[in-house]
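# An overview of the molecular structure
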Amino acid sequence: MLPPSKPRAIETFRLGPYALPRLFTGLWQLSSNSWGSAPAAKIRRQMADYAENGYTAFDMADHYGPAEILFGEFRERWPHPEHIFGATKWCVFRKVDPSRAFVEAAVQDRLARMKAQHIDLLQFHWQNYEDRGYLTALCHLQDLQREGKIALIGLCNFDSLRMDEICEELGPGGIVSNQVQFSLVDIRPMYAMAEVCMKHNVKLLTYGTVCGGFLSDTWLGREEPDLYSGMLTPSQRKYLDMIVKAWGSWALFQALLVVLRSIADKYDGMSIANIATRWVLDHPFVGAVIIGARMGVSEHTDDNRKVYGFRLSAEDRAAIEAVLVQSNGARLIRTIGDCGAEYR
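Residues numbered from 1 in each chain as written. Predicted model: local features only at pLDDT ≥ 70, side-chain atom pairs only at ≥ 80, totals over all residues. Heavy atoms only, no water.

If you tally the helices and strands in the protein chain, you get twelve helices and ten strands. Here the C-alpha radius of gyration of the protein chain, 20 Å, is about what a compact globule of 344 residues would show, namely 20 Å. Taking the principal axes of its C-alpha atoms as reference, the protein chain extends roughly 55 × 45 × 40 Å. Scored against the burial criterion, the 344 residues of the protein chain give a buried share of 56%. Sequence-distant contacts, at least 24 apart, represent 79% of the contacts inside the protein chain between residues at least 6 apart. Per element, the accessible surface of the protein chain, about 14,600 Å² overall, is 53% carbon and sulfur. (Helix = DSSP H or I, 4+ residues; strand = E, 2+ residues; numbered from the N terminus. Rg over C-alpha atoms; globule rule 2.2 N^0.38 Å. Buried < 20%, exposed > 50% of the residue type's maximum accessible area, 1.4 Å probe, protein only. Contact = heavy atoms within 4.5 Å. Areas by Shrake-Rupley, 256 points an atom, 1.4 Å probe, with all protein chains shown as cover.)

Following this line, the structure appears as structure tokens:
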């Protein structure tokens, strides 16, 4: 085992003018009571606890229940609200006319809910690629950015082809990020997406990195759970389905957990989730990993912070790759499609 390390300094990356922590706090679990629920005051208190521990960047969306409202109330009361970074999303799931008025109304709604003068990062999702109105909407967003209502524009679950098209259309710095799924199980961003990120200086904000908690010590040595038992969260049902039906098998997944545990044992106090997260962070096109938080229900700030300040060795990566090559991970780009295809 390596000797105990000093308290780990927060790792940061640049996104436009901001220096941001490489771990974001994801608020999607506020969208449903399926993850548990808590009073609003308790949720705001826990947001403050996260901020005090250096988790100053929060990710939310227009459809994450009261997430934007609770975040806005928390930040408004924080002693230095300028130190708290709010990333939200505007998601277009249906046929719309992306007029200037329509786009501006969506932005104004985000501003009102978040009690903000400007949106730090607005991440844009457009469901139907056949409707190229997404380019029109993004041009309006860029106009609103010039007017000071948006600091940075990002994408959410856009594939490589459309992200390249959009970056070319909006010009250098027009798009700073794309939020996509990336983990040891889902390695699709390592292909064309990585190339487009490097070409346009775009950073990925990744979710699903610990597969709803399956990439953790909790599941080491456990039997495969029943997908319909009612004991799993919505995220866990989604990732279990992917693990056993698309990626490989529960037995192979257990082999991966064993390897991750053996690597974690080499470092002081590391968990399986730490190693899985570090593997994603070690890719240069990744800006931050978004860790879902069950605000007011549970918290893992101490464990998550352990990912800072160390790197996996070539030996570690080789041991992980020896398991991954036995999976269907490299074929997911063909069987599922590029990043975001699973939602279309």
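To continue, consider the packing of helix 8 (residues 250-264) against helix 11 (residues 314-324). Interaxial distance between helix 8 and helix 11 falls to 9 Å at its minimum, and their mutual angle equals 175°. Taken together, the axes of helix 8 and helix 11 lie roughly antiparallel to each other. Along the contact surface, helix 8 presents Leu252, Ala255, Leu256, Val259, Leu260 and Ile263, while helix 11 presents Asp316, Ala319, Ile320, Val323 and Leu324. Of the residues that constitute the contact of helix 8 with helix 11, the class distribution is ten nonpolar, no polar and one charged. (Axes fitted to C-alpha atoms, helices over the stretch in contact; angles between N-to-C directions. Parallel < 35°, antiparallel > 145°, perpendicular 65-115°, else oblique. Nonpolar A, V, L, I, M, F, W, Y, C, P; charged D, E, K, R; others polar.)

Of all ten residues that make up helix 9 (residues 272-281), ten are buried, and the element is covered over most of its length. All of the buried residues along helix 9 are Ile272, Ala273, Asn274, Ile275, Ala276, Thr277, Arg278, Trp279, Val280 and Leu281.

Moving on: the side chain of Arg261. You can see Arg261 is positioned in helix 8. Separated by 2.7 Å, the side chains of Arg261 and Asp217 make a polar contact. Once residues lying within four places of it in the same chain are set aside, the contact partners of Arg261 are Asp217, Leu220, Met270, Ser271 and Ile272. (Polar contact = N/O pair within 3.5 Å; in protein donor to acceptor, adjacent residues only side chain to side chain.)

Our focus in this paragraph is the pattern of salt bridges. Going through the model one piece at a time under the given rule, you end up with 28 salt bridges. Residue Arg44 is joined to Glu73 by a salt bridge in which the shortest nitrogen-to-oxygen separation is 2.8 Å. A residue pair is termed long-range when its members are at least 10 positions apart, and Arg44 in helix 1 (residues 40-52) and Glu73 in helix 2 (residues 67-77) qualify at 29 residues. Like Glu73, Arg44 is buried. (Salt bridge = Lys/Arg side-chain N within 4 Å of Asp/Glu carboxyl O.)

Now for the sheet that holds strand 10 (residues 286-292). Read around the closed barrel, the eight strands follow the order 3-4-5-6-7-8-9-10; overall the barrel is parallel. Between one strand axis and the next, the sheet turns by 30° as a mean value, whatever way the strands run. Summarising the sheet, strand 8 (residues 177-181) and strand 9 (residues 203-207) pair through five bridges and their orientation is parallel. Bridge pairing in strand 9 places Gln181 opposite Tyr207. Sheet strands touched by helix 9: strand 3 (23-26), strand 9 and strand 10. Its angle to strand 10, the strand with the most contacts, is close to 150°. (Pairing = 2+ DSSP bridges.)

Another aspect to go through is the packing of aromatic side chains. Taken as a whole and assessed by the stated rule, the structure comprises 24 aromatic pairs. Here Trp90 and Phe124 contribute two aromatic rings whose centre-to-centre distance is 5.4 Å and whose plane-to-plane angle is 45°, an arrangement assigned as tilted. Residue Trp90 is found in strand 5 (residues 85-92), and its partner Phe124 is found in strand 6 (residues 119-126); the two are separated by 34 residues along the sequence. Ring geometry for Trp219 against Trp250: centres 6.1 Å apart, planes inclined by 90°, an arrangement best described as edge-to-face. In this pair, Trp219 sits in the loop between strand 9 and helix 7 (234-247) while Trp250 sits in helix 8, placing the two residues 31 residues apart along the sequence. Each member of the aromatic cluster is reached from another via a ring pair, and the members are Trp90, Phe102, Phe124, Trp126, Tyr129, Tyr134 and Phe158. Taking NZ or CZ as reference, Arg222 lies 4.2 Å from the ring centre of Trp219, over its face. (Phe/Tyr/Trp six-rings, centres within 6.5 Å; stacked < 30°, edge-to-face > 60°. Lys NZ or Arg CZ within 6 Å of the ring centre and 35° of its normal.)

Turning next to the confidence of the model for the protein chain. Model confidence for the protein chain is summarised by a mean pLDDT of 93, while 94% of its residues fall at 70 or above. Note that pLDDT drops below 50 for residues 1-6; the model gives that stretch nine contacts with residues more than four away or on any other chain. (pLDDT = per-residue confidence, 0-100.)

Before going further, it helps to examine the environment of Gln179. Mapped onto the secondary structure, Gln179 falls in strand 8. Taking the relative accessible area as the measure of exposure, Gln179 reaches 2% and is therefore buried. In this structure the C-alpha to C-alpha distance between Gln179 and Tyr64, which are 115 residues apart in sequence, comes to 15 Å. A polar atom in the side chain of Gln179 sits 3.1 Å from the side chain of Asp59.

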